[in-house]
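So the chains spell out like this:
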Amino acid sequence: MNSTPPAPLSYKDAGVDIDAGDALVDRIKPLAKKTMREGVLAGIGGFGALFEVPKRYKEPVLVSGTDGVGTKLKLAFEWNMHDTVGIDLVAMSVNDVLVQGAEPLFFLDYFACGKLDVETAAAVIGGIARGCEQSGCALIGGETAEMPGMYPAGEYDLAGFAVGAVEKSLILTGRDVKPGDLVLGLASSGVHSNGFSLVRKVIDRAGDDFPATLDGKPFRDAVMAPTRLYVKPVLAALAQHRIKALAHITGGGLLENIPRVLPEGTAAHLQKGSWPQTELFAWLQKVAGIDDIEMNRTFNNGIGMVVVVDAADAPACAATPAQRARRCTRSASSPNARRGRRRRLNDRSRERRPADPVARRWRPAVLMAGALLLIMWQSLLPGLLCVCIGFLATRRIARLLDAGLRRSRWAQRDTTLLAAGSSLPHIVSATIVMLAPLGLAMLAFSEARDFVLSAPQQ
């Protein structure tokens with residue numbers, strides 16, 4: 001009896017196409033090259049990527065984050081929309097890293113599938129590269145895992161890993177948040193990447209009865225809009241303003257995420273109606289038939305990032321270019337304030353408070369003292385002229401000092417210095433203005449004395 005030996009089996013016969021993997025790497029390299037930045041020593045191609053922390057950091061602390069895209073991928077498979085989920089992947093991690101005040105430095109991805117389709121994978125990773133480019137972080141490595149039998153045909157899973165850096169003295173912890181601070185909301189681009197298990201149920205319930213457009217976009221584009229990247233506008237705001245806390249609104253919505261960055265005994269009271277509900281969220285709420293509490297503990301509901309600032313700093317912070325900020329409410333404390341799920345939305349009105357109470361008490365006193373000294377020192381008319389010049393000089397110098405102080409990164413951490421108002425710049429400027437004439441007089445006296453002593457004797 002003759003037996004035919006079985007045909008040899010290759011890795012490709014087992015379901016893993018090495019050539020397809022190599023082709024994908026070739027497609028990825030030029031995309032990753034566009035994301036390169038200072039610090040990258042070695043990127044895609046080696047066993048490990050190398051990155052040097054920029055030398056401008058004196059005491060760098062590394063901040064890491066990892067996340068996925070979740071069941072939003074199910075709709076990407078069904079609707080064949082693969083080019084934006086990569087942006088979602090990047091945003092979910094870099095926005096988390098940003099909450100500690102860190103600048104994202106580099107990103108790595110993990111793409112897993114049962115059968116590698118180069119075109120689909122290239123579309124996904126192209127989105128990852130665009131997300132990295134928009135965030136200013138380098139795509140320096142990743143893993144493509146083709147695992148036959150692990151995933152249904154046409155499906156894949158994603159995971160992302162981001163690493164950022166922040167000066168040790170500038171880490172945002174939320175410990176400086178106090179009653180009376182304001183909560184600013186940065187608009188989301190849509191559902192982002194959380195709550196899609198409910199979104200898919202709502203779509204199934206709606207069947208064919210769904211709107212053609214939502215918020216000016218085709219229905220599917222509105223639902224699949226990629227997660228907004230907040231890195232560049234928030235880093236710009238951190239460099240200019242004294243931000244006390246940030247919160248990325250992800251799973252758990254507004255009610256679960258804001259308390260994570262507040263001190264014990266402090267609660268955020270969000271003013272209902274202070275930001276508009278988009279057509280997308282209105283449609284989801286209507287079809288699902290859920291109340292406001294469930295909406296706000298499931299979705300971002302139009303606010304993707306929350307910024308907590310001193311009330312006096314809120315207008316300037318909200319006006320930062322590209323911030324897209326909306327004022328939500330004050331944060332307040334009460335003996336019964338609890339962290340966790342029992343945060344509430346209410347219609348609490350915002351009472352305005354003086355932005356600079358200490359400075360208002362100091363300015364008249366300093367200016368009056370300066371006026372009296374100058375009038376006593378000179379005759380009346382020159383004295384009045386000096387008062388006018390001194391007043392204008394004091395205001396100008398105080399503004400320059402105040403702007404420099406608030407923009408300095410070390411001052412952002414010194415809340416005791418700035419919490420009471422901007423009195424320090426006015427005190428310093430008034431001191432300079434009052435001492436300057438004395439200094440000039442002493443210099444003139446010294447020069448005159450030298451002239452008299454060195455003059456020839458008659």
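In this report, the structure presented in the accompanying data block is examined. Model, not experiment: these values are computed from the prediction.

This part takes up the overall build of the protein chain. A tally of regular secondary structure across the protein chain gives 16 helices and 15 strands. The burial tally for the protein chain puts 47% of its 458 residues in the buried class. Sequence-distant contacts in the protein chain: of pairs separated by 6 or more residues, those separated by 24 or more amount to 84%. Working note: accessible area of the protein chain is about 24000 Å², and carbon and sulfur atoms make up 58% of it.

So, about the nonpolar core. The nonpolar side chains of a soluble globular protein tend to be buried, and buried together. By size, the foremost hydrophobic cluster in this structure holds 61 residues, and its most contacted members are F107, I128, Y156, L158, V223, W283 and L284. Counting residues per element, this core draws most heavily on helix α4 (residues 118-135), which supplies eight residues. Formed by 33 residues, the second largest nonpolar core is a distinct cluster that contains A247, L262, A311 and C317.

Judged by how many residues are buried, helix α2 (residues 72-79) sits mostly within the fold: six of eight residues are covered. Buried residues of α2: K72, L73, L75, A76, F77 and W79, and no others. Contact partners of the buried residues in α2: α3 (85-98), β6 (156-167), α5 (196-206) and α6 (219-223). N80 lies just past α2 and shows a positive phi near 55 degrees.

For the structure shown, the criterion picks out seven aromatic pairs. Taking the centre distance of 4.8 Å and the plane angle of 75 degrees together, the rings of F77 and Y156 count as edge-to-face. Taken together, the residues span a long stretch of sequence, with F77 in helix α2 and Y156 in strand β6 at a distance of 79 residues. The exposure class assigned to F77 is buried, which follows from its relative accessible area of 17%. Taking 6.4 Å as the distance between ring centres and 65 degrees as the angle between the ring planes, the aromatic pair formed by W79 and F219 counts as edge-to-face. Taken together, the residues W79 in helix α2 and F219 in helix α6 connect sequence positions 140 residues apart. No difference in accessibility class separates W79 from F219, as the two residues are buried.

Cut-offs and rules
- Residues numbered from 1 in each chain as written.
- Predicted model: local features only at pLDDT ≥ 70, side-chain atom pairs only at ≥ 80, totals over all residues.
- Heavy atoms only, no water.
- Helix = DSSP H or I, 4+ residues; strand = E, 2+ residues; numbered from the N terminus.
- Buried < 20%, exposed > 50% of the residue type's maximum accessible area, 1.4 Å probe, protein only.
- Contact = heavy atoms within 4.5 Å.
- Areas by Shrake-Rupley, 256 points an atom, 1.4 Å probe, with all protein chains shown as cover.
- Core = buried A, V, L, I, M, F, W, Y, C linked by side-chain atoms within 4.5 Å.
- Phe/Tyr/Trp six-rings, centres within 6.5 Å; stacked < 30°, edge-to-face > 60°.

Just distances and angles here, no functional claims.
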